[in-house]
Amino acid sequence: MSSNVDVGMRTWTVAAVPTSDFVAQEQNFLPEILLAVILGSGILVVTIVVISINLLESRHLRKISEHRGKLLDRLLPISVSRRIQEGEFIADWYDAVCIFHMCIVNFGSWTNRLPVDDLLFNLNRFFSEVDQLAYHHKVEKMKTHVDTYVAACGMFSKSIPENAFQKMLTFATDVLKVSLSFQVVGRPETSCSTREDTPPAQPTYDLSLQVKIGIHVGDVTAGVVGITKPQYDLWGN
């Protein structure tokens, strides 16, 4: 760095010349500055990575929670599912509930004469039709066990017992109609068809569907016990 200074009739040029010590000091500062810049950049990158990982984990956990909630909604009555997700212990008592209990009387004949895949195929067909009727009549499906189907009415609605019984009676009548027209068939063998316009082979069996239906009206205790495979079960006389 230099500057011009007027002294009398002469002009002097004054220049600032860095000393060797100053240059050496500046050179010593340069690596420290570079190191600080590198460390600052590294910390910034690490911070961005950590924030991104936390966001991804948060989204993943939220998706898992939503998926778990949907599964519980399919396994349990909606109101019970919500209470479980909020951490509530489920123990309920109802003074007037209508219970539907149905079993397949000739299920033993099915198991003796049907292959396993055809047995489960027909059981699924029948219970799926009963599920649709339950949804249509606003009856709550509680559970199935082997050849038994249990449903309830009057627990989650404010309908009077007489209305609940009438609703269940109509549901039971429709289930009986379905059972009388039900035909036991073999599971379609789609792999056997060589042409797209050829319907799959579906054998029929000389078997009927005989059901026994019982309806109970009264007080019940209901709740969920255990920590795996939750089920809203009923107890009563």
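Parameters and conventions
- Think of each chain on its own: its residues are numbered from 1, step by step along the sequence as written.
- In keeping with the model being predicted, local features are shown solely for residues with a pLDDT of at least 70 and side-chain atom pairs are shown and tallied solely at 80 or more, while totals for entire chains, interfaces and linings include all residues.
- Each side-chain value is derived from all of the structure's non-hydrogen atoms; neither hydrogens nor water enter the calculation.
- Helix and strand assignments follow DSSP, with helices taken as H or I runs no shorter than four residues and strands as E runs no shorter than two, numbered in order from the N terminus.
- Here's how the labels work: a residue is buried when its accessible area is under 20% of the maximum for its type, exposed when over 50%, partly exposed in between, all with a 1.4 Å probe on protein chains only.
- In short, Shrake-Rupley with a 1.4 Å probe defines the accessible areas, and a residue's cover is counted only from the protein chains shown.
- Each patch groups residues whose relative accessible area exceeds 30% and which form no salt bridge, using 9 Å between like charges and 5 Å between nonpolar side chains of Val, Leu, Ile, Met, Phe, Trp and Tyr.
- What counts as a salt bridge is simple: a side-chain nitrogen of Lys or Arg found within 4 Å of a carboxyl oxygen of Asp or Glu.
- Working rule for helices: expected span equals 1.5 Å times residues minus one.
- What the arc measures is the spread of directions leading from the helix axis to the C-beta atoms.
- Residue-level confidence of the predictor is summarised by pLDDT, bounded by 0 at the bottom and 100 at the top.
- In short, DSSP must find at least two bridges between two strands for them to pair.
- In this analysis, axes come from line fits to C-alpha atoms, helices being fitted only over the stretch in contact, and the angle between any two N-to-C directions falls in the range 0 to 180 degrees.
- In plain words, nonpolar cores are sets of buried Ala, Val, Leu, Ile, Met, Phe, Trp, Tyr and Cys residues tied together by side-chain atoms within 4.5 Å.

### Here's the deal with the overall build of the protein
Part 1 of the argument: If you tally the helices and strands in the protein, you get five helices and seven strands.
Part 2 of the argument: Of the regular secondary structure in the protein, the N- to C-terminal order runs β-β-α-α-β-α-α-β-β-α-β-β.
Part 3 of the argument: Within the protein, the proportion of its 237 residues that are buried is 28%.
Part 4 of the argument: A total accessible area of about 16700 Å² is found for the protein, and carbon and sulfur atoms account for 59% of it.

### Thoughts on a nonpolar patch on the surface
Part 1 of the argument: A grouping of Phe165, Leu169, Ile215 and Val217 is seen on the molecular surface, where their side chains present a nonpolar patch of about 290 Å² in accessible area.
Part 2 of the argument: Within the residue set of the nonpolar patch, elements represented by two or more residues are helix H5 (161-181) and strand S6 (211-224).
Part 3 of the argument: Turning to its location among the elements, isoleucine 215 is positioned in strand S6.
Part 4 of the argument: With relative accessibility at 30%, the residue isoleucine 215 sits in the partly exposed group.

### What to know about helix H4 (residues 116-136)
Residues spaced three or four apart along an α-helix face the same direction, because each turn holds 3.6 residues.
Part 1 of the argument: Here H4 spans 30 Å end to end across 21 residues, near enough to the 30 Å set by a 1.5 Å rise per residue.
Part 2 of the argument: Among the residues making up H4, those that are buried are Asp118, Leu119, Asn122, Leu123, Phe126, Phe127, Val130, Leu133 and Ala134. End-on, the buried residues of H4 take up no more than an arc of 155°, which puts them together on one face. Opposite the packed face of H4, turned more than 90 degrees from it, sit the exposed residues Leu120, Gln132, Tyr135 and His136.
Part 3 of the argument: Once H4 finishes, lysine 138 follows within two positions and takes phi at roughly 60°, a positive value.

### Observations regarding the pattern of salt bridges
Part 1 of the argument: Counted according to the given criterion, the structure contains five salt bridges.
Part 2 of the argument: Residues glutamate 88 and arginine 83 are paired through a salt bridge, measuring 3.1 Å at the closest nitrogen-oxygen approach.
Part 3 of the argument: Across the salt bridge formed by aspartate 117 and arginine 187, the nearest N and O atoms sit 3.4 Å from each other. Taken as a pair, aspartate 117 in helix H4 and arginine 187 in the loop between H5 and S6 lie far apart in primary sequence, 70 residues in all.
Part 4 of the argument: Linked through salt bridges whose partners overlap, the residues forming this network are Arg83, Glu88 and Asp92.

### Digging into the confidence of the model for the protein
Part 1 of the argument: Summing up the model confidence of the protein, the mean pLDDT is 80 and the portion of residues at 70 or higher is 73%.
Part 2 of the argument: The least confident element of the protein, judged by mean pLDDT, is strand S1 (residues 2-7) at 50; the most confident is H4 at 95.

### Details of the sheet that holds strand S5 (residues 148-153)
Part 1 of the argument: Read across the open sheet, the five strands follow the order S4-S5-S3-S6-S7; overall the sheet is antiparallel. The two strands at the open ends of the sheet, each matched to only one other strand, are strand S4 (140-145) and strand S7 (232-235). Sheet twist, expressed as the mean angle between neighbouring strand axes with direction ignored, is 40°.
Part 2 of the argument: Both S4 and S5 contribute to a ladder of five bridges, which runs antiparallel. Bridge pairing in S5 places histidine 145 opposite threonine 148.

### A word on the nonpolar core
Part 1 of the argument: The biggest cluster of nonpolar side chains holds 29 residues, and the ones touching the most others in it are Phe100, Met102, Trp110, Phe126, Tyr149, Phe171 and Val175.
Part 2 of the argument: Of all the secondary-structure elements, those providing two or more residues to this core are strand S3 (91-104), helix H3 (107-113), H4, S5 and H5.
Part 3 of the argument: Here this core gets seven residues from one element, more than from any other, and that element is H4.
Part 4 of the argument: Val80, Val97, Met142 and Leu234 belong to the second-largest nonpolar core, a separate cluster that totals 17 residues.

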